Amino acid sequence: MSTEVVMPQMGESIAEGTITKWLKKVGERVERDEPLFEISTDKVDAEIPSPAAGTLTDVRFKEGDTVEVNTVVAVLDGDQAGASEAPAAKPVEEAKVEPPTPAPAPPPPPQAAPPSPPPPAPAPPTPPPVQAKAPAPPPPAPTPTEAKGDGSAATAEELRRTKSSPLVRKIAQEHNVDISKLEGTGLSGRVTKNDILSFIESGSAPAAPAQRPAAPAAAPLPEPVAPPPPKPQVGDRVEQMSVMRKKIAEHMVLSRRTSAHVTTVYEIDMTRVARLRDEHRDEFYQRTGTKLTFMPFIFEAVNKGLRKFPIFNAQVNGEQIIYKQDINLGMAVALDWGLIVPVIKRADDLSISGLARAANDLADRARTKQLKPDEVTGGTFTITNPGVFGGLFGTPIINQPQLAILGVGKIEKRAKVMTTADGDDFIGIRWMAYFALSFDHRVIDGADAERFLAFIKEQLEAGDFSV
């Protein structure tokens with residue numbers, strides 16, 4: 001019996017995945033739960049295990065292809081059937097039925113069922129060719145219908161929504177763009193992130209700017225002209241971007257377009273934390289089986305800061321601010337092939353040892369592509385550590401939809417001017433570091449950012465931690 005292998009949905013908002021590598025060839029034997037192929041998505045790179053034991057008889061997509069979730073990508077012949085995967089592919093095929101142009105053709109049958117369409121509807125059938133070419137009938141969008149799986153009617157707009165991810169719909173909502181009027185370049189005409197960003201960047205009018213007809217009277221600003229793409233010269237090496245690199249690029253550009261970035265930098269004395277770490281390092285490793293670094297102390301200080309200043313643990317939805325109940329700390333992990341941000345869920349419930357174990361475990365599994373989808377989603381605040389490479393500080397880009405990100409610079413011994421209790425100045429050798437906080441100035445004021453970072457500075461310099 002045969003088993004169909006489908007593209008899994010690696011997270012709630014994931015609509016597609018890119019096959020980066022086949023680990024088995026056609027004709028090879030594969031055991032159940034043995035890694036079959038690798039995929040890359042917006043959130044995570046992962047190895048996909050085989051759903052059953054058998055021989056790989058058919059590979060329907062090659063490496064580098066981007067495939068919608070629940071689409072059959074391979075077939076196994078073996079003793080154990082995986083019929084459960086086959087029905088999952090049907091919703092995708094049903095979604096592909098919706099044609100954007102010939103939508104006016106189906107009106108005659110549905111008109112008898114929903115009496116809501118306006119009476120002039122019978123007139124269009126006379127010149128069907130003209131209507132097929134002109135995308136003018138957006139108002140009667142409820143007219144073209146198709147049958148859902150339960151027998152009810154799905155409008156063209158609903159079918160269009162099935163072809164765009166939640167992230168695309170969120171971008172469209174923020175920029176007042178009607179997705180149903182865009183021609184998608186994704187599979188089955190799905191509107192991709194590149195489609196919506198290109199539409200916004202092109203300066204095209206949003207779908208519903210009914211109040212701005214008078215604006216064109218004023219002289220519009222000239223559209224920025226993109227420089228011509230560079231052409232490789234003799235001796236240059238050209239390398240195609242990896243899937244992860246393209247996703248990182250899209251995410252960073254989107255964040256810059258979305259948030260009003262401002263960065264403030266504080267110098268923090270980490271001497272007491274360094275001493276505490278040195279005193280407990282060996283005992284800590286024997287007790288927990290993991291290394292004690294500076295990061296768990298920073299995580300705990302940030303947790304306290306987020307509880308005291310909840311605006312930094314919030315998100316923006318249109319004109320609303322959503323204050324998140326849980327503190328889920330994202331920690332940027334550098335990989336040989338890119339960057340990923342696993343998330344420590346409910347970080348404020350963990351002790352120093354719990355934070356150390358969670359952080360080291362996530363970092364280790366990120367480097368071996370063993371992270372689960374829910375371990376790279378749901379972050380509410382992110383911490384990145386360029387100091388591990390020697391950087392003094394940077395101005396990190398906010399990880400959307402979060403409102404702030406903290407960059408930790410190199411923690412090193414530096415000469416510091418200090419003052420005795422009697423008011424005498426002297427130079428001491430201290431463990432110092434620069435902390436850079438990038439925040440979204442749309443909803444966070446500069447004064448609040450200063451108070452937040454000053455509070456973290458106070459926590460770390462006091463060194464009052466229980467190891």
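Residues numbered from 1 in each chain as written. Predicted model: local features only at pLDDT ≥ 70, side-chain atom pairs only at ≥ 80, totals over all residues. Heavy atoms only, no water.

### Some details on the packing of aromatic side chains
The condition that has to hold: Aromatic contacts are taken between Phe, Tyr and Trp rings whose centres are within 6.5 Å, Trp giving its six-membered ring; a plane angle under 30 degrees counts as stacked, one over 60 as edge-to-face, and the others as tilted. Secondary structure elements are taken from DSSP: a helix is a run of H or I of four residues or more, a strand is a run of E of two residues or more, and numbering for both begins at the N terminus. Buried means the residue's accessible area, taken with a 1.4 Å probe over protein chains only, is under 20% of the maximum for its type, while exposed means over 50%, and partly exposed covers the values in between.
A full pass over the atoms with the stated rule returns seven aromatic pairs. An angle of 65 degrees between the planes, with centres 5.8 Å apart, marks the rings of F393 and Y434 as edge-to-face. Placement of F393 in the loop between β18 (381-384) and β19 (404-408) and of Y434 in strand β21 (residues 425-440) is noted, with a sequence separation of 41 residues between them. Relative accessible area serves as the criterion here: at 46%, F393 is assigned to the partly exposed category. Residue Y434 is classed as partly exposed on the basis of its relative accessible area, which comes to 25%. By the ring-pair criterion, three or more aromatic residues cluster together here, those being F309, F312, F381, F452 and F455.

### So, helix α7 (residues 243-258)
For clarity, the threshold we go by: Multiplying 1.5 Å by the residue count of a helix minus one yields the expected span of that helix. Directions pointing from the helix axis toward each C-beta atom define the arc. The term polar contact refers here to a pair of N or O atoms within 3.5 Å; inside protein, the definition further demands a hydrogen-donor-capable atom paired with an acceptor-capable atom, and it admits residues adjacent in sequence only when both atoms are side-chain atoms.
For α7, spanning 16 residues, the distance from its first C-alpha to its last is 22 Å, which sits close to the expected 22 Å at 1.5 Å a residue. Within α7, burial applies to V243, M244, K247, I248, E250, H251, L254, S255 and T258. Down the axis of α7, the sector holding all buried residues measures 165 degrees, keeping them to one side. The N-cap residue of α7 is S242: its side-chain oxygen and the backbone nitrogen of R245 are 3.1 Å apart.

### Here's the deal with the confidence of the model for the chain
The line we're drawing: A score from 0 to 100, pLDDT tells how confident the predictor is in each residue. In this analysis, two residues are considered to be in contact whenever any of their non-hydrogen atoms come within 4.5 Å of each other.
Here the chain shows a mean pLDDT of 79. Residues at 70 or above account for 73%. Below pLDDT 50 for its whole length, residues 205-213 participates in nine contacts with residues either more than four positions away or in separate chains.

### Some thoughts on the sheet that holds strand β1 (residues 2-6)
Here is the rule we go by: At least two DSSP bridges between two strands are needed for those strands to be called paired.
Pairing in this open sheet of four strands is antiparallel, and the strands run β1-β8-β6-β3 from one edge to the other. In the strand order of this sheet, the two ends are held by β1 and β3 (29-30), each with one partner. Across two bridges, the pairing between β3 and strand β6 (residues 54-59) is antiparallel. Note on β6: the bridge partner recorded for R29 is T55.

### Thoughts on the packing of helix α8 (residues 271-288) against helix α10 (residues 352-367)
Worth spelling out the cut-off: In this description, a line fitted to the C-alpha atoms serves as the axis of each element, helices being fitted only across the stretch in contact, and the angle between N-to-C directions of two axes falls anywhere from 0 to 180 degrees. Any angle that falls under 35 degrees is termed roughly parallel, while one over 145 is termed roughly antiparallel, one within 65 to 115 roughly perpendicular, and all others oblique. The nonpolar class holds Ala, Val, Leu, Ile, Met, Phe, Trp, Tyr, Cys and Pro. Asp, Glu, Lys and Arg form the charged class, and all remaining residues, Gly among them, are polar.
Running from amino to carboxyl end, α8 crosses α10 at an angle of 70 degrees, the nearest separation of the two axes being 12 Å. Taken together, the axes of α8 and α10 are roughly perpendicular relative to one another. Taking contact as the criterion, the partners of F284, R287 and T288 in α8 are, on α10, I352, S353, A356 and R357. Looking at side-chain class alone, the contact of α8 with α10 contains three nonpolar, two polar and two charged residues.

### Thoughts on the pairing of β6
Across four bridges, the pairing between β6 and strand β8 (residues 72-77) is antiparallel. Within the sheet, the bridge partner assigned to L56 lies in β8 and is L76.

### Details of the packing of helix α9 (residues 295-308) against α10
Two quantities define a packed helix pair, namely the angle between the helix axes and the distance between the axes. Selection criterion: By definition, turning the near helix anticlockwise from the far helix through less than a right angle yields a left-handed crossing, and turning it clockwise yields a right-handed one.
Where α9 contacts α10, the two axes come as close as 9 Å, and the packing angle between them is 115 degrees. The orientation of α9 with respect to α10, classified from their angle, is roughly perpendicular. In the crossing of α9 with α10, the sense of the turn from one axis to the other is right-handed. In this structure, α9 contributes P296, F297, F299, E300 and N303 to the contact, and α10 contributes I352, L355, A356 and A359. Taken together, the residues of the contact of α9 with α10 sort by class into seven nonpolar, one polar and one charged.

### Observations concerning the pattern of salt bridges
For clarity, the cut-off: Salt bridges are identified by distance alone: a Lys or Arg side-chain nitrogen within 4 Å of an Asp or Glu carboxyl oxygen.
A full pass over the atoms with the stated rule returns 22 salt bridges. Between D348 and R307 there is a salt bridge, and its shortest N-O distance comes to 2.6 Å. With D348 in the loop between β17 (343-344) and α10 and R307 in helix α9, the pair connects residues that are 41 residues apart, well separated along the chain. Judged by relative accessible area, D348 falls into the partly exposed class, the value being 26%.

### What about the sheet that holds strand β7 (residues 66-68)?
With antiparallel pairing, the four strands of this open sheet are ordered in space as β5-β4-β2-β7. Only two strands of the sheet have a single partner each, and these edge strands are β5 (45-49) and β7. Taken over all neighbouring pairs, the strand axes of this sheet differ in orientation by 40 degrees on average, direction set aside. Pairing between strand β2 (residues 16-22) and β7: three bridges, direction antiparallel. Looking across to β7, one finds that T18 is bridged to T66.

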